[in-house]
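What follows is the residue order along each chain.
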Amino acid sequence: MTTLSGMPRLLDQTLPRPGVAVDEREARLQLRRQIARLEAELGALFGEAFGHAEVPHRIDSIAAAPRVLDLGELEVIRDRLADRVAEARAALVERKRVEDENRELVERMLAAPQDFKWVRVSRQDLGLHGCGHWHSRPRLGPIGMLMGWWRVKVSSGCPLAGRLEAVDRKDPARQAGHRT
Amino acid sequence: MPAGAADRRMGWVPAPQQGWVAPHIASEFPGLGIAWVEVDAKPGRSPEPVRRRLRDLSDRTYGSQAIRLRERPIPWAYRVFFRQIGLDPDRTRTPVEQLTLDRLHDGGFRSHGLPTDALNVAIVETGVALRAFDADAFEGRLCIRDTAPGESLAGQTAELAKGTLAIADEARPVAMLFGPAAEGLGVGKGTRRIAIAAVQVKGVPQIAVEEALWMAASTLEAA
């Protein structure tokens, strides 16, 4: 009798659904691990591409203030990061293809400068650091043009360093003409 | 001899005090933690050795390092944590990235006085996120928890959204995590004792946190 009278109360209790909460937390942890891995990958691609190719790396924030994100929000971040990584890889592959083509172009220019009149390829186009370019131009100016004496001229080095410009600090007092 | 006087004479700073993290937050973010040290110091102009140190630091920080910063373990750990809590680390910058960008923009680390300079030196050297509070203004131990409905930062009319991650003392939130501090809890003119707090996230070793706290506190003590 005691057991039967206690049953309605027992049935009214909201018992935790076994497994569900634990699984969701585990899923969130798993997603956070994936986000960490993708962030590392994107950071490496960003560093590799900097100065060579434009790599999309921005992802809009999900929350206005820091908070614990739910499963759906974490999935959105993970998916966007994965997209950015894929786009960054594609941008780097495309850039590599262009650089390889430019390298071949320079080799062909060096072999037959007259076939590439006035073509100019910079070191940057080849993914190289520093200044300089390969420029197909005539020897002796107009005479070379008339005679078909073409050569590839390789410029060397960067321009001499000039004076560094100061940063514009937008000092309101200075702009107003006051001495600080 | 007052407590701590011998330590100060020897150049030591007090051992960090460990704060706590709300259990349900800790279970979501293993490795999240907060620790702080308290130093008898007043805000003010940085002495020449601190400014010289900032200049030395400026000479050692280059643009190429800024690009590769996100590949270094500790800055990367903070970037990851920012993503995981819904912030965009390219908009709301991690402390070390923000300082590095400021260094590139300004042509050097500019002096902002103490305790900011002491914190900046430690942040740039270690990558650990630090912030300063008025140690006499908060009650008990610091913690990281989510806010309850109706809570807000002192001095701000707007309520914090429920579940916002915040640094709190035993009575109220003192600052948003990686966000603004409550009025009266930050370091001000009347501050006589400064608490330097480090927020640790997964991937940031304990030794780096202790080093950052030691570096900032010893700079303040020496000033």
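Values in this document were obtained by computation on a predicted structure and should not be read as measured data. (Residues numbered from 1 in each chain as written. Chains lettered and ligands numbered in written order. Predicted model: local features only at pLDDT ≥ 70, side-chain atom pairs only at ≥ 80, totals over all residues.)

## What to know about the overall build of chain A
Turning to step 1, where the next piece is worked out: Each helix and strand counted, chain A has five helices and three strands in total.
Turning to step 2, where the next piece is worked out: Put simply, chain A runs from its N terminus to its C terminus through helices and strands in the order α-α-α-β-β-α-β-α.
Turning to step 3, where the next piece is worked out: Going through the 180 residues of chain A one by one, you find that 17% of them count as buried.
Turning to step 4, where the next piece is worked out: Within chain A, contacts between residues at least 6 apart in sequence are counted, and of these 52% link residues at least 24 apart. (Helix = DSSP H or I, 4+ residues; strand = E, 2+ residues; numbered from the N terminus. Buried ≥ 20, exposed ≤ 12 C-beta atoms within 10 Å, placed from the backbone. Contact = placed C-beta atoms within 7 Å.)

## What to know about the overall build of chain B
Turning to step 1, where the next piece is worked out: A tally of helices and strands in chain B yields eight helices and eight strands.
Turning to step 2, where the next piece is worked out: Scaling as 2.2 N^0.38, a compact globule of 223 residues should have a C-alpha radius of gyration of about 17 Å, and chain B matches this with 17 Å.
Turning to step 3, where the next piece is worked out: Its C-alpha atoms give chain B principal-axis dimensions of about 50 × 45 × 35 Å.
Turning to step 4, where the next piece is worked out: Taking as baseline every contact in chain B between residues at least 6 positions apart, the subset at least 24 positions apart corresponds to 71%. (Rg over C-alpha atoms; globule rule 2.2 N^0.38 Å.)

## With respect to the sheet that holds strand 4 (residues 129–134) of chain B
Residues and elements named next belong to chain B.
Turning to step 1, where the next piece is worked out: In space, the four strands of this open sheet follow the order 1-3-8-4, with antiparallel pairing throughout. Two strands in the sheet have a free side with no partner beyond their single neighbour: strand 1 (17–18) and strand 4.
Turning to step 2, where the next piece is worked out: Relative to strand 8 (residues 193–200), strand 3 (residues 33–40) runs antiparallel, the two being bridged by eight bridges. Looking across to strand 8, one finds that Val-39 is bridged to Ile-194. (Pairing = 2+ DSSP bridges.)

## With respect to unusual backbone geometry
Turning to step 1, where the next piece is worked out: Of note, the bond from B:Leu114 into B:Pro115 is cis; its omega dihedral lies within 30 degrees of zero at 5 degrees.
Turning to step 2, where the next piece is worked out: Mapped onto the elements of the fold, B:Pro115 is located in the loop between helix 6 (95–106) and helix 7 (116–126).
Turning to step 3, where the next piece is worked out: Even without being a glycine, A:Trp118 presents a positive backbone phi close to 65 degrees.
Turning to step 4, where the next piece is worked out: Mapped onto the fold, A:Trp118 is located in the loop between helix 3 (71–111) and strand 1 (120–122).
Turning to step 5, where the next piece is worked out: Phi at B:Phe178 takes a positive value of approximately 60 degrees, unusual for a residue other than glycine.

## Digging into the environment of B:Asp134
Residue and element names in this part refer to chain B.
Turning to step 1, where the next piece is worked out: Within the secondary structure, Asp-134 sits in strand 4.
Turning to step 2, where the next piece is worked out: On the basis of neighbour count, Asp-134 is assigned to the buried category, with 20 C-beta atoms found within 10 Å.
Turning to step 3, where the next piece is worked out: The spacing of Asp-134 and Gly-184 is 50 residues in sequence and 7.8 Å in space, taken between C-alpha atoms.
Turning to step 4, where the next piece is worked out: Non-local contacts of Asp-134, meaning those with residues more than four positions away in its chain, are made with Leu-185, Gly-186, Val-187, Gly-188 and Thr-191.

## Quick look at the domain arrangement of chain A
Interfaces are often sized by the amount of accessible area the parts lose when they come together.
Turning to step 1, where the next piece is worked out: Parsing chain A into structural domains produces domain 1 (22–61 + 68–102) and domain 2 (112–158).
Turning to step 2, where the next piece is worked out: One C-alpha centre belongs to domain 1 of chain A, the other to domain 2 of chain A; they are set 40 Å apart. (Domains from an automatic or database assignment.)

## Focus on the interface of chain B and chain A
Turning to step 1, where the next piece is worked out: With 32 residues of chain B at the interface, the matching set in chain A holds 26 residues.
Turning to step 2, where the next piece is worked out: If you list the elements that add at least two residues to the side of chain B that touches chain A, you get helix 2 (23–28), helix 4 (63–68), helix 5 (73–84) and helix 6 of chain B.
Turning to step 3, where the next piece is worked out: Among the elements that line the side of chain B that touches chain A, the one with the most residues is helix 5 of chain B, at five residues.
Turning to step 4, where the next piece is worked out: Tallied by class, the residues present in the side of chain B that touches chain A amount to 12 nonpolar, nine polar and 11 charged. (Nonpolar A, V, L, I, M, F, W, Y, C, P; charged D, E, K, R; others polar.)

## Concerning the environment of B:Val121
Turning to step 1, where the next piece is worked out: Its location among the elements puts B:Val121 in helix 7.
Turning to step 2, where the next piece is worked out: Put simply, B:Val121 and B:Gly155 are 34 residues apart on the chain and 29 Å apart in space, counted from C-alpha to C-alpha.

## Concerning helix 3 of chain A
Side chains three or four residues apart in an α-helix point the same way, a direct result of the helix having 3.6 residues per turn.
Turning to step 1, where the next piece is worked out: When the terminal C-alpha atoms of helix 3 of chain A are compared, their 60 Å separation across 41 residues agrees well with the 60 Å that a helix rising 1.5 Å per residue should span.
Turning to step 2, where the next piece is worked out: For helix 3 of chain A, the set of buried residues is A:Leu74, A:Ile77, A:Leu81, A:Arg84, A:Val85, A:Ala88, A:Val106 and A:Met109. (Expected span 1.5 Å × (residues − 1).)

## Considerations on the nonpolar core
Turning to step 1, where the next piece is worked out: Core analysis: the biggest nonpolar cluster contains 83 residues, and B:Leu130, B:Phe133, B:Ile167, B:Ile196, B:Ala197, B:Ala198 and B:Ala216 have the highest contact counts within it.
Turning to step 2, where the next piece is worked out: Ignoring sequence-local partners within four residues, the contact set of B:Ala198 consists of B:Ala35, B:Trp36, B:Val128, B:Ala129, B:Leu130, B:Val209, B:Ala212 and B:Leu213. (Core = buried A, V, L, I, M, F, W, Y, C linked by C-beta atoms within 7 Å.)

## Looking at the packing of helix 6 of chain B against helix 7 of chain B
Residues and elements named next belong to chain B.
Turning to step 1, where the next piece is worked out: Relative orientation of the contacting elements helix 6 and helix 7 amounts to 105 degrees, with a least axis distance of 9 Å. As judged from the angle between their axes, helix 6 and helix 7 are roughly perpendicular. Within the contact between the two elements, helix 6 uses Pro-95, Val-96 and Leu-99 and helix 7 uses Asn-120, Ile-123 and Val-124.
Turning to step 2, where the next piece is worked out: Here the residues of the contact of helix 6 with helix 7 are counted per class, giving five nonpolar, one polar and no charged. (Axes fitted to C-alpha atoms, helices over the stretch in contact; angles between N-to-C directions. Parallel < 35°, antiparallel > 145°, perpendicular 65-115°, else oblique.)

## Looking at the sheet that holds strand 3 (residues 150–154) of chain A
Residue and element names in this part refer to chain A.
Turning to step 1, where the next piece is worked out: Overall, antiparallel pairing links the three strands, which are arranged 1-2-3 in an open sheet. The sheet is open, and its two borders are formed by strand 1 and strand 3, each paired with just one other strand. For this sheet the average axis-to-axis angle between neighbouring strands, irrespective of direction, equals 20 degrees.
Turning to step 2, where the next piece is worked out: Sheet topology places strand 1 next to strand 2 (residues 133–138); three bridges connect them, and they run antiparallel. Looking across to strand 2, one finds that Ser-122 is bridged to His-133.

## Quick notes on the pairing of strand 5 (residues 143–146) of chain B
All names here are of chain B.
Turning to step 1, where the next piece is worked out: Burial along strand 5 is one-sided: Ile-144 and Asp-146 are buried, and none of Cys-143 and Arg-145, which face the opposite way, are.
Turning to step 2, where the next piece is worked out: Relative to strand 6 (residues 165–168), strand 5 runs antiparallel, the two sharing four bridges. What sits directly across from Arg-145, in strand 6, is Ala-166.

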